[in-house]
Amino acid sequence: MATVSKLGLAFCLVFVTLEAFQAVYLGSVFQKADSFLVGACVFGVSVSACTLITALFRPGELRASLVSWRIVAALNVFAATTWCTYFLAIQLIEPAIVFTVFSGMVPLGTVVAGWCRLPEAGTMRHKPDIIGNALIFLAVLLLGAITVFGYSGFVRGSWLSGVAGVVLSAVSGLSTAFVILLSVRLHGKGVGPLAQFGLRFILYTCLALAAYATGLDDKGNPMSPADLATLVLVGLGVIAFPLYLVQKAIPLLQPSIIAAMTALGPVMVFSMQLLEGRVDYSAATLTGLLVYMTGALLAVYGSILQSTHTRAECSRAVT
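I will try to describe carefully the structure that is included in this document. Note on numbering: residues in each chain are counted from 1, in written sequence order. For this predicted model, a pLDDT threshold of at least 70 governs which residues receive local features, and a threshold of 80 or more governs which side-chain atom pairs are given and counted, while totals over whole chains, interfaces and linings are taken from all residues. No hydrogens and no water enter the side-chain calculation; it runs on all heavy atoms of the structure.

1. Some words on unusual backbone geometry
Worth spelling out the cut-off: By the criteria applied, helices consist of DSSP H or I runs no shorter than four residues and strands consist of E runs no shorter than two, each listed in order from the N terminus. Working definition: with a 1.4 Å probe on protein chains only, accessible area under 20% of the residue-type maximum means buried, over 50% means exposed, and in between means partly exposed.
Non-glycine residue R117 carries a positive phi angle of around 65 degrees. If you trace the backbone, R117 turns up in the loop between α6 (95–115) and α7 (127–148). A relative accessible area of 75% places R117 in the exposed class.

2. Let's talk about the pattern of salt bridges
We count it as follows: Whenever Lys or Arg places a side-chain nitrogen within 4 Å of a carboxyl oxygen from Asp or Glu, that contact is recorded as a salt bridge.
In total, this model carries 2 salt bridges according to the counting rule given. A salt bridge links R58 to E61, with the nearest nitrogen and oxygen atoms 3.8 Å apart. For R58, a relative accessible area of 49% puts it in the partly exposed group. Classification of E61 as buried rests on a relative accessible area of 13%.

3. Examining the packing of α6 against α7
Where we set the bar: In this analysis, axes come from line fits to C-alpha atoms, helices being fitted only over the stretch in contact, and the angle between any two N-to-C directions falls in the range 0 to 180 degrees. Rotating anticlockwise by less than a right angle from the far helix to the near helix defines a left-handed crossing, while the corresponding clockwise rotation defines a right-handed one. Whether two residues are in contact is decided by their heavy atoms: any pair within 4.5 Å suffices. Throughout, the ten residues Ala, Val, Leu, Ile, Met, Phe, Trp, Tyr, Cys and Pro are labelled nonpolar, Asp, Glu, Lys and Arg are labelled charged, and all others, Gly among them, are labelled polar.
Running from N to C, α6 and α7 point in directions that differ by 145 degrees, and their axes come no closer than 9 Å. When you trace α6 past α7, the crossing you get is left-handed. Between α6 and α7, the contacting residues are I97, T100, V101, G104, M105, P107, L108 and V111 on the first element and N133, I136, F137, V140, L143 and T147 on the second. In terms of residue class, the contact of α6 with α7 is made up of 10 nonpolar, 4 polar and no charged.

4. Examining the packing of aromatic side chains
Threshold: Aromatic pairing here means that ring centres of Phe, Tyr or Trp (its six-membered ring) are within 6.5 Å. Orientation follows from the plane angle: under 30 degrees is stacked, over 60 is edge-to-face, and everything else is tilted.
For the coordinates displayed, the defined rule picks out 11 aromatic pairs. Plain terms: the ring middles of F36 and F87 are 6.3 Å apart, the flat faces sit at 70 degrees to each other, and that makes the pair edge-to-face. Taken together, the residues F36 in helix α3 (residues 35–57) and F87 in helix α5 (residues 69–90) connect sequence positions 51 residues apart. Accessibility classification places F36 together with F87 in one group, the buried group. Measuring from ring centre to ring centre gives 5.7 Å for W83 and F87, while their planes differ by 40 degrees; the resulting arrangement is tilted. With W83 and F87 both in helix α5, this residue pair falls 4 residues apart, about one helical turn. W83 sits in the buried class, given a relative accessible area of 17%. Overall, the relative accessible area of 19% leaves F87 in the buried class.

Rendered as structure tokens:
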């Protein structure tokens, strides 16, 4: 395990911790505001700041991004799809299920990308990795069935709303997997984490502004400029900053490890809710989450084991 970047693992661990903290302790705060307005402000500031800093100190990376504009465009499409589908899903079904299906589909998405022969995806070779991803897939199916057949804590509408919520959650996770893989490819073209973080949210920022202008998530409770500014500052800390840490981890870790670490989010959420003494899942949802958490922990161990063996083989080949 010594060959795996400890700094990269630390970046991913801070990401899942802050992501879980936002979901457990700040979710209700963000739900009171127009999600598209908050998203447009948080990512609009991120896009502007990151692009400006890159232009001032690393202009060569912006030139490299123009040469690789197809990858940048694909990154924007997948990043926008991630957030739009996630926000739509969370309006339809139980947030815990949305978050878990989304998180589980990130490592499963790398498996799909491997089947599609994307070189960045790699393959599963070790039993913990294979068993872990199989359990995650089983948990996703179980949570989907729980939702569709009405055994979860919340579905807004009929069983069709449940199907739509599960599908949207899965699409969000798959899109995130391809964001990670395309970021690895763009890094190989000479575009660093800061530039990438700014460039990949341009489309989403524009879509969020359009959605806010049309009132798609208007809750009828306009916020004062001071409250909005406070919420945006919090969003920069618990939404944008953790995502930037994942971007920083991309040059340091294999995509399979990043995807598996991302899948630990629901494990962290569940642990925080246990400490808080507020575990409000239905019994069926709890069963699905326990299956998921077992799979997520095995997938992380298996992906790290695989990375260690891969690097050891490369070292032997060089020598």
